[in-house]
Amino acid sequence: MTPPVRPAGPADTVTRDALAVLQPGFTGTTAPDWLLRRLGEGLVSVGLFGRNVADPDQLAALTGRLRAEREELIVAIDEEGGDVTRLEVRRGSSFPGNHALGAVDDTDLTRAVARELGRRLADCGISLNWAPSADVNSNPANPVIGVRSFGADPQLVARHTAAYVEGLQSAGVAACTKHFPGHGDTAVDSHHDLPRIAADLTTLRERELVPFRAAVAAGTRAVMSAHILLPALDDAHPATLSPAALHGLLRAPAADGGLGFDGLIVTDGMEMRAIAATYGIERGSVLALAAGADALCVGGGLADEDIVLRLRDALVRAVRDGELPEQRLADAAARVRALAGRRRNAGPGERVAPAPGIGLTAARRALRLTATGPYAPLDGPAYVAAFTPLANIAVGDETPWGVAAALTRLLPGTGTATCTAEAAAEAGPAALVDGLLTAAAGRRLVAVVRDVHRHPWMADALRCLLAARPDTAVVEMGVPQAPPQGALHIATHGAARVCAQAATEALTGQRLPSAG
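1. Let's talk about the sheet that holds strand 9 (residues 368-371)
Here's step 1: The strand order 9-14-13-12-10-11 describes an open sheet built from 6 strands, whose pairing is mixed. The open sheet has two edge strands, strand 9 and strand 11 (415-419), and neither has a second partner. Along the sheet, successive strands turn relative to each other by an average axial angle of 15°, direction set aside.
Here's step 2: One ladder, built from 4 bridges, connects strand 12 (residues 444-449) with strand 13 (residues 473-476); its direction is parallel. Counted as the bridge partner of V446 is A473 from strand 13.
Here's step 3: Packing of helix 17 (residues 456-468) onto the sheet brings it into contact with strand 10 (382-387), strand 11, strand 12 and strand 13, and relative to strand 12 it is tilted by some 165°.
Here's step 4: Against the sheet, helix 18 (residues 497-508) makes contact with strand 9, strand 12, strand 13 and strand 14 (488-491), and its axis sits at roughly 160° relative to strand 14, the strand it touches most.

Put into structure tokens, the structure is as follows:
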């Protein structure tokens, strides 16, 4: 086993630079002593996740404590709104996600939603948001992007990506546009394995890169790389580790076929298996810096002092062994420090007027209703069958979804059941549906699905349910790729709390109060 590198001391430039390029996470809702100590030694960034957030006041106190240790600090979070929320991880987001905004296709609305989200982040002391997703969702089987994308049309995704960047940054929060050079045409989740995209360079330039060009033109402060292999660009390394992708495509001037981006390049989580299982986290981190990345995101899964020290030591060792040029590390650290120094000195959120209710307004506009005949609104207790797929890691399984809670508020006595792939496999679709009908006890049925086109078990069970009860309403809270079914079909284009509220209003004909 290689012994750890022992830094020469707090003034060791290489060691401080190695700490500066890390964006680590931690557990708990208060800053641990080890993290505060490393901030004093050169750490410049901290990443926050749902586990670090209880409420806005707690979050503001946490970021304030971090900045008391180091004033010029990047505090980053993965707050896309919609299905991927950290601010409201336990209640669901007050903002619809990208797919809903793309369905409305009003860039002024997208800009306003992102501005309000940015205002709330800034008020909590967040300075960098790992958003928006600029991925073109061109593959309907995509298991990880889906409603996180504005859509399947590159031009639509481009104009909304630019609007989102502008809105977010107008509130004083830097945008980190992801997942370069585009994670939309994958059928594999890079949290679990290394996806491979077979697109040629012409397709890449005409589809995947269009939104990233728009983001760069809009002034995005940061871009996040994807752990995906594009053989047409680099047949040996995923984009995060590829000089051809980061230095040769993202950084290169437009005249040379690049995007001309000069901001911060952040990696996706280095502990994701696409990197960790193939290269190892330490080796992958060295390769990423050498390829042109500036900041290493780690901490979604590995969130303790040990991972910080492991990566710090790996980078220092790589410099001393000649594997990583010292100047490359210094340049990366300088870019991180430059972004850390951009944060406004006093209350950026105070300069942005609040826009209460804009999330629910957007969610209402995103609804698409299809009826097979006259549909009478629900006026009494209903029964909700939630066909629930396994949540991907980006979304997580902590965040509630579906319409049962909102329906119960309006129609007391409403019941619900959760139906999973395991239950369907064990009982079979017919028996599963028989159980639902028995539990419903004559109440009107609402079936809630999420990406029914990707889940054969879900499609089979829904078919059985509609054959038995054709008056069932269907609420699709994922990508509405499958043909509409049910007496009333509602496409929400996402599973945020406000999407559920908007769908409930459509089911009942009653207005719910705005979600804050």
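2. Things to note about the packing of aromatic side chains
Here's step 1: This model, assessed by the stated rule, comprises 4 aromatic pairs.
Here's step 2: Between F49 and W130, the aromatic rings sit 5.8 Å apart at their centres with planes inclined by 45°, giving tilted as the arrangement. Of this pair, F49 sits in the loop between strand 2 (45-48) and helix 3 (56-69) while W130 sits in the loop between strand 4 (128-129) and helix 6 (154-170), and the two are 81 residues apart along the sequence.
Here's step 3: You can call F49 buried: its relative accessible area is 13%.
Here's step 4: Relative to F212, the ring of F180 lies with its centre 5.3 Å away and its plane at 90°, an arrangement referred to as edge-to-face. Remark: F212 occurs in helix 7 (residues 201-217) and F180 occurs in strand 5 (residues 174-180); sequence separation between them is 32 residues. The two residues F180 and F212 agree in class, both being buried.

Rules of the game
Residues numbered from 1 in each chain as written. Predicted model: local features only at pLDDT ≥ 70, side-chain atom pairs only at ≥ 80, totals over all residues. Heavy atoms only, no water. Pairing = 2+ DSSP bridges. Helix = DSSP H or I, 4+ residues; strand = E, 2+ residues; numbered from the N terminus. Axes fitted to C-alpha atoms, helices over the stretch in contact; angles between N-to-C directions. Contact = heavy atoms within 4.5 Å. Phe/Tyr/Trp six-rings, centres within 6.5 Å; stacked < 30°, edge-to-face > 60°. Buried < 20%, exposed > 50% of the residue type's maximum accessible area, 1.4 Å probe, protein only.

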